[in-house]
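Coordinates in review
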Amino acid sequence: RAKESGRNRLRLYELGLYERLREDRALEEALRRALTHQELRLMYQPQFDARDPDRLVGAEALLRWENPEKGTISPARFIPIAEKSDLITELSQRVVALLCEQLGAWRAVGLFSPPISFNVSPKDFRGEGVASGLFRSMARHDVTADQLQIEFTESALIEHSDIVNQEIHRLNAEGIELAIDDFGTGHSSLVNLKRFPLAELKIDKSFVDGLCDNERDEAIVRASLAMAQAFGLRTVAEGVESQQQLAWLQEHGCDRIQGFLLARPLEASSFQAMLRDIQNAT
Ligand code: C2E
Ligand code: MG
Ligand code: MG
Ligand code: MG
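Residues numbered from 1 in each chain as written. Chains lettered and ligands numbered in written order. Predicted model: local features only at pLDDT ≥ 70, side-chain atom pairs only at ≥ 80, totals over all residues. Heavy atoms only, no water.

Labelled according to an unreviewed UniProt entry, the protein appears under the name Cyclic di-GMP phosphodiesterase Gmr, originating from Halomonas lysinitropha.

**A word on the packing of helix 3 (residues 87-108) against helix 4 (residues 131-140)**
It is at 9 Å that the axes of helix 3 and helix 4 come closest, and there the two elements cross at 20 degrees. The angle between helix 3 and helix 4 falls in the class roughly parallel. Crossing hand, helix 3 versus helix 4: right-handed. Listed contacts from helix 4 to Q93, V96, A97 and C100 of helix 3 are G133, L134, S137 and M138. Looking at side-chain class alone, the contact of helix 3 with helix 4 contains five nonpolar, three polar and no charged residues. (Axes fitted to C-alpha atoms, helices over the stretch in contact; angles between N-to-C directions. Helix = DSSP H or I, 4+ residues; strand = E, 2+ residues; numbered from the N terminus. Parallel < 35°, antiparallel > 145°, perpendicular 65-115°, else oblique. Left-handed = near helix turned anticlockwise from the far one by under 90°. Contact = heavy atoms within 4.5 Å. Nonpolar A, V, L, I, M, F, W, Y, C, P; charged D, E, K, R; others polar.)

**Examining the pattern of salt bridges**
The tally for this structure, following the rule as stated, stands at 19 salt bridges. The partner of E66 in a salt bridge is R41, and the shortest N-O contact between them spans 3.0 Å. Highlighted residues: E66 in strand 2 (residues 52-67) and R41 in strand 1 (residues 40-49), separated in sequence by 25 residues. Relative accessible area serves as the criterion here: at 27%, R41 is assigned to the partly exposed category. One network of salt bridges, with partners in common, ties together E23, D24, R77 and K84. (Salt bridge = Lys/Arg side-chain N within 4 Å of Asp/Glu carboxyl O. Buried < 20%, exposed > 50% of the residue type's maximum accessible area, 1.4 Å probe, protein only.)

**Here we look at the coordination of the magnesium ion (ligand 4)**
Any two of four tetrahedral donors ideally make an angle of 109.5 degrees at the metal, while pairs among six octahedral donors ideally make 90 or 180 degrees. All of the protein donors around the magnesium ion (ligand 4) are D182 (OD) and E238 (OE); their distances to the metal are 2.3 to 2.4 Å. Take D182: its relative accessible area is 23%, and that puts it in the partly exposed class. (Donors = N, O, S within 2.8 Å, 3.2 Å for Na, K, Ca; no water.)

**Overview of the side chain of S113**
As for its position among the elements, S113 is in the loop between helix 3 and strand 4 (116-119). Discounting residues that sit within four places of it in the chain, S113 has contacts with L103, W106, F271 and L275.

**Looking at the site of ligand 1**
The environment of ligand 1 is formed by 22 residues, the closest being R64, N119, D181, E241 and F260. In the model, a nitrogen atom of ligand 1 is placed 3.1 Å from a nitrogen or oxygen of the Q45 side chain. Interatomic distance of 2.9 Å between a side-chain N/O atom of D181 and an oxygen atom of ligand 1. Summarising the interface, the protein chains cover 81% of the accessible area of ligand 1, which totals 800 Å² for the free molecule. If you map ligand 1 onto the pockets, it falls in the largest pocket. (Near = heavy atom within 4 Å. Polar contact = N/O pair within 3.5 Å; in protein donor to acceptor, adjacent residues only side chain to side chain. Areas by Shrake-Rupley, 256 points an atom, 1.4 Å probe, with all protein chains shown as cover. 1 Å grid on protein atoms, 1.4 Å probe; cavity = no way out; pocket = protein on both sides within 12 Å on 5 of 7 lines; lining within 4 Å. Sits in = over half its atoms within 2 Å of the grid points.)

Structure (structure tokens):
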């Protein structure tokens, strides 16, 4: 009987896997259509000065997919699917185009945004890379290097080190700042901090979550902040949800705060209203 139920479990597992693969394939096809049907848009999550949390100092562009049948699909679900196919390159070029277009549109109505960062995938460093398309979009919409910042994770630095090195130095030579995202969650290697021209280190939400109740998370954040400071990197804490976490980060010298406590990701129109308010107030 034990054997029997073991076999059933195996079958169930196989069915689950099969269903999953089928769903992935369907999503991949839907994502391909999404690119041509304008179902993708960016939201903007504000970042604030930790010493003066009323002061907007940056934002992160986050991709959203509105599917007519399935509703909003999370990037945590569709980015990995795009990464497994050739779609990620196209997706990242779309992100870059949408962001540059938006920055151009804001400038056209006299609004100036602090630098906005966007995410790239490790896979973006294969082939032509992200730089060429980015430079084209920037030229088309008259966007300058100081208006943008690129976030990537540590796995990008490990997977294709030669080409990544080349691309990163190309971006940096143009004056585009680079941030290391989700710091400490991947295959971290401290040599990356030394080898690449980074400007910013983002402390992952999973560590921020533990501030004020988990000593180990606190130790990781403290060490990350100290290391960033030693390397002259700006620090951003992501996923800050409570006043206590904010106070802890202020006390320990973190530079910037991103999280639901201060602002959720905003639709472009709401972020635009925020920019307008700030400009009217000064
Ligand atoms: P990430 O780059 O680490 O982005 C931060 C994520 O944390 C965002 O989730 C944001 O909405 C969420 N977040 C920020 N503050 C809080 C908070 O206080 N509480 C909670 N619960 N969440 C918070 P989102 O937008 O769902 O994106 C998830 C991930 O998907 C991103 O993580 C990034 O890795 C990836 N992603 C998003 N947009 C893009 C994109 O345009 N290109 C690529 N390649 N990846 C993207
Ligand atoms: Mg990010
Ligand atoms: Mg992050
Ligand atoms: Mg994260």
